[in-house]
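# A look at the structure
The chain contents come next:
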Amino acid sequence: MTDDQDLHLGSLDYQPILKRELIEKGTTFSRHYVTVAKCCPSRASLLRGMAGHNTNITEVNAPGGNWDKWLISGQNEDYLPHWLTAAGYNAEYIGKIMNGYNTANYAQRPAGWTHIQTAVDQYTYEYNNVVFSLDGETPVSYPGYHQSDVIRAMSLDRIEELSTQDKPFFLGIAPTSPHMELGGGKWPVPPVRYENEFPGLKAPRTANWNPNDTYQQQKASWIKGLPLLNETTIERLDGLYRARAQSLLGVDDIIEDVIAKLAEKNILDNTYIIYTSDNGWHIGNHRISAGKSLHYKEDSNVPFIVRGPGVPANVTSLLPGAHLDLAPTFLDIAGVPPDDLRYPRFLDGRSLLDNWKNPAAELTQCPVNGGGHEVINVEYWGIGEEPSPWGQVRHPNNSYKTLRIVHPDGGTYLYSKWCTGEAELYETASDPGELTNLALNADQDEDRSRLICRLNALLMAAKSCAGDTCRNPWSLLQPEPERRAVSVQSNLTITCLEQALEPKFDDFFASVPEVSFEKCMLYQYRPNEIPYWPENVDLGESFRKPTDNYVSSSPKGKKVVSQGHFGTVAQRNVTLSEILKTAKELTPEQLG
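Residues numbered from 1 in each chain as written. Predicted model: local features only at pLDDT ≥ 70, side-chain atom pairs only at ≥ 80, totals over all residues. Heavy atoms only, no water.

## Some thoughts on the pattern of salt bridges
What counts here: Any carboxyl oxygen of Asp or Glu within 4 Å of a side-chain nitrogen of Lys or Arg constitutes a salt bridge here. Secondary structure elements are taken from DSSP: a helix is a run of H or I of four residues or more, a strand is a run of E of two residues or more, and numbering for both begins at the N terminus. Relative accessibility thresholds used throughout: buried, under 20% of the residue-type maximum; exposed, over 50%; partly exposed, between the two (1.4 Å probe, protein chains only).
Using the criterion set out here, one finds 42 salt bridges in the structure. Across the salt bridge formed by Asp278 and Arg43, the nearest N and O atoms sit 3.0 Å from each other. Taken together, the residues Asp278 in the loop between strand S8 (273-276) and strand S9 (282-283) and Arg43 in helix H2 (residues 39-48) connect sequence positions 235 residues apart. Judged by its relative accessible area of 2%, Arg43 is buried. For Asp257, the salt bridge identified is with Arg572, shortest N-O distance 2.8 Å. In this pair, Asp257 sits in helix H8 (residues 231-264) while Arg572 sits in the loop between helix H15 (506-510) and helix H16 (576-580), placing the two residues 315 residues apart along the sequence. The two residues Asp257 and Arg572 agree in class, both being buried. Salt bridges sharing common partners tie together Arg20, Glu21, Lys25, Asp149, Arg152, Arg193, Asp253, Glu256, Asp257, Arg307 and Arg572.

## Observations concerning the sheet that holds strand S14 (residues 375-380)
Here is the rule: Should DSSP find at least two bridges between two strands, the strands are taken to pair. Here an axis means a line fitted to C-alpha atoms, over the contact stretch when the element is a helix, while the angle between two N-to-C directions is reported on a 0 to 180 degree scale. Residue contacts are defined here by distance: any two heavy atoms, one from each residue, within 4.5 Å place the two residues in contact.
Sheet architecture is open: four strands sit in the order S14-S17-S18-S19, paired in antiparallel fashion. A strand with exactly one partner marks an edge of an open sheet, and here the two such strands are S14 and strand S19 (423-427). Going from strand to strand, the sheet's axes swing by 10° on average, the running direction of each strand aside. Strand direction decides the pairing type here: strand S17 (residues 400-406) and strand S18 (residues 412-418), joined by seven bridges, are antiparallel. The residue bridging Lys401 from the neighbouring strand is Lys417, located in S18. Contacts between helix H12 (residues 446-464) and the sheet are confined to S14, S17, S18 and S19, with S17 contributing the most and set at about 110° to the helix.

## Overview of empty space enclosed by the protein
Our working definition: In this analysis a 1.4 Å probe is tested at points of a 1 Å grid over the protein atoms alone, and where it fits but cannot get out there is a cavity; an open set with protein on both sides within 12 Å along at least five of seven lines is a pocket; lining residues have an atom within 4 Å of a point. Grid points are joined across faces, edges and corners, and a volume is the space filled by probe spheres set on the points. For this classification, the nonpolar set comprises Ala, Val, Leu, Ile, Met, Phe, Trp, Tyr, Cys and Pro, the charged set comprises Asp, Glu, Lys and Arg, and every other residue, Gly included, is treated as polar.
Tallied over the full model, the rule gives three cavities of 30 Å³ or more. Of the volumes computed, that of the largest cavity is approximately 210 Å³. Leu324, Val375, Ile376, Asn377 and Cys470 are, among the 18 residues lining the largest cavity, the residues nearest its centre. Only S14 and helix H13 (468-471) provide two or more residues apiece to the lining of the largest cavity. Each residue belonging to the lining of the largest cavity can be placed in one class, and the counts come to nine nonpolar, five polar and four charged. A volume near 40 Å³ is recorded for the second largest cavity. Lining the second largest cavity are Phe29, His32, Phe304, Leu319, Pro320, Gly321, Leu352, Asn355 and Trp356.

## Observations concerning the packing of helix H1 (residues 16-23) against H8
Applicable threshold: Handedness of a crossing is defined here by the sense of rotation of the near helix relative to the far one, left-handed for an anticlockwise turn of less than a right angle and right-handed for a clockwise turn.
Running from N to C, H1 and H8 cross one another at 35°; their axes reach a closest spacing of 8 Å. Between H1 and H8 lies a crossing whose hand is left-handed. In this structure, H1 uses Pro16, Ile17, Leu18, Arg20, Glu21 and Leu22 to contact H8, whose residues at the interface are Leu249, Asp252, Ile255, Glu256 and Ile259. In the contact of H1 with H8, the residues fall into seven nonpolar, no polar and four charged.

## Focus: the sheet that holds strand S20 (residues 584-585)
Spatially, six strands are ordered S7-S3-S4-S5-S6-S20 in an open sheet, and the strand pairing comes out mixed. The open sheet terminates on both sides in strands that have one partner only, identified here as strand S7 (169-174) and S20. Sheet analysis places strand S6 (residues 140-141) next to S20, joined by two bridges and oriented antiparallel. The residue of S20 that forms the bridge with Ser141 is Lys584.

## Examining H2
Extensive coverage of H2 is indicated by the burial of 10 of its 10 residues. The inward-facing, buried residues of H2 contact helix H3 (52-55), helix H4 (67-72), helix H5 (80-86), strand S3 (90-95), S7 and helix H10 (326-333). Phi for Gly49, located one or two positions after H2, is positive at around 65°.

## A few points about the packing of aromatic side chains
Operational definition: Ring geometry is summarised as follows: Phe, Tyr and Trp rings, the Trp one being its six-membered ring, pair when their centres sit within 6.5 Å, and such pairs are stacked at plane angles under 30 degrees, edge-to-face over 60 and tilted between the two.
With the rule as written, the count across this model stands at 19 aromatic pairs. Centre to centre, the rings of Tyr380 and Tyr400 are 5.8 Å apart; their planes meet at 15°, and the pair counts as stacked. A residue pair is termed long-range when its members are at least 10 positions apart, and Tyr380 in strand S14 and Tyr400 in strand S17 qualify at 20 residues. Residue classification places Tyr400 among the buried positions, given a relative accessible area of 0%. The interplanar angle of 65° and the centroid separation of 6.5 Å between the aromatic rings of Phe508 and Trp533 together place this pair among those described as edge-to-face. In this pair, Phe508 is assigned in helix H15 and Trp533 in the loop between H15 and H16, connecting sequence segments 25 residues apart. Under the relative-accessibility criterion, Phe508 is labelled buried at 10%.

Shape descriptors only; they carry no functional weight alone.
Given below as structure tokens:
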């Protein structure tokens, strides 16, 4: 899992190993989404199999969320590695786990893993200043090497060891590339051997690149007031785009060597390899210089490629999925069905394994036994961050609730309701740039008003959902009150948007209140987002501890300083044993 890698800016085109070993030998799922388009909440959603409104990990800093909030909420004691080890697996992880795991709290390690080597803040985003903690022990500095090469060497070492065990294994590999280095205008730093690749490469000028006023003024909140990007800024953004592409070549090296090692150990054909990112990224789209944290496709629709047993080669699928579906999928692979006592009761996602093996399957437009798989929920609380070429810009009023309808054969929509009260609606098949906001003046069009009424109700259900109702939010929207979310039901009255749009349901959908916020806040607060549907929703509170007014750890150590850029041609195949020769534990002074 990479960090901040785009799908819609074409970054995969500059990874020849990814193309050769995964895309051409596996299936690409072009409609896979994150539920929160930001690092920490997205990773929490993946690891817990829950929507952001149920993990309550909603940001990368307090009060929304970080590693400290994850710990205090108790979710560290009940998530993916615990479930996999209970199923008889070794569960291991290398790289970035979650924002806020740092030199002050490192001893409170990510629990459940049989082995974990974790990137430690304040070094996670410094490519040539690598500091990791092994199983919560004193962090170690690995001077003279690029982070991608250290992660590659660690991964190969673990596969070498894991292949000798009797147990099957899960190994998460999470490099920081192509995330920006922290600080104003600091691009990702590729390994030295790749720093001159792709000369003249520019960010793609897509339909929504730096749009004119006609389109920009249709946006909501802080986005609609952005000025046109000038040529100086555009030149800097093209530099960012090149640096991102260059840094991903270091990830390609990891892919190449991991696959070669799996083949060497004769376990490649019995291994699923999943490639994705924690969220997407935009550059110049909708006049925003760069960043994430938005509901638009650039940020929420991420790379997702699977190679493995039974997965067809060189196929692209339109079947939808989301990161909260991955934990259920991994449990499915591990042979833990939903009726097993080891299966968590709170998972919001569903297994995608059937989709992986049958990527050309067609979704039933209105399934008899319910469905809702075409409904993707994306949400956000807090600040819109824009790491511009000149420094970090933080935009207020960026909280929103969003859903996507991504049915391959039906209408495809993006509908959002902002904390400012504004709404956006895009028909994404005919408007892939998400430029023409159909929510404006919708009251003058009867069909559009009816559509928005239904989408509002569906968004109300999605923002309130848990478990079965997240897997099929339509089950909350039955005209008969006694049938709503009783359990997984057959022969529901309404199972899809096409049915919901029938005029005979006008009165029912008009009775569903509008999705709204009392005000724009930096974190999730139940009273601020009333009403819910139904009113007594749990929001995951039964499965986590309270975190009101929690305090984040504050690292105060004297930082290790690294000089130089690494990742030379000579270091392309460096081994972990060689890297360890110069490794040094951080001193008490450096830990603070």
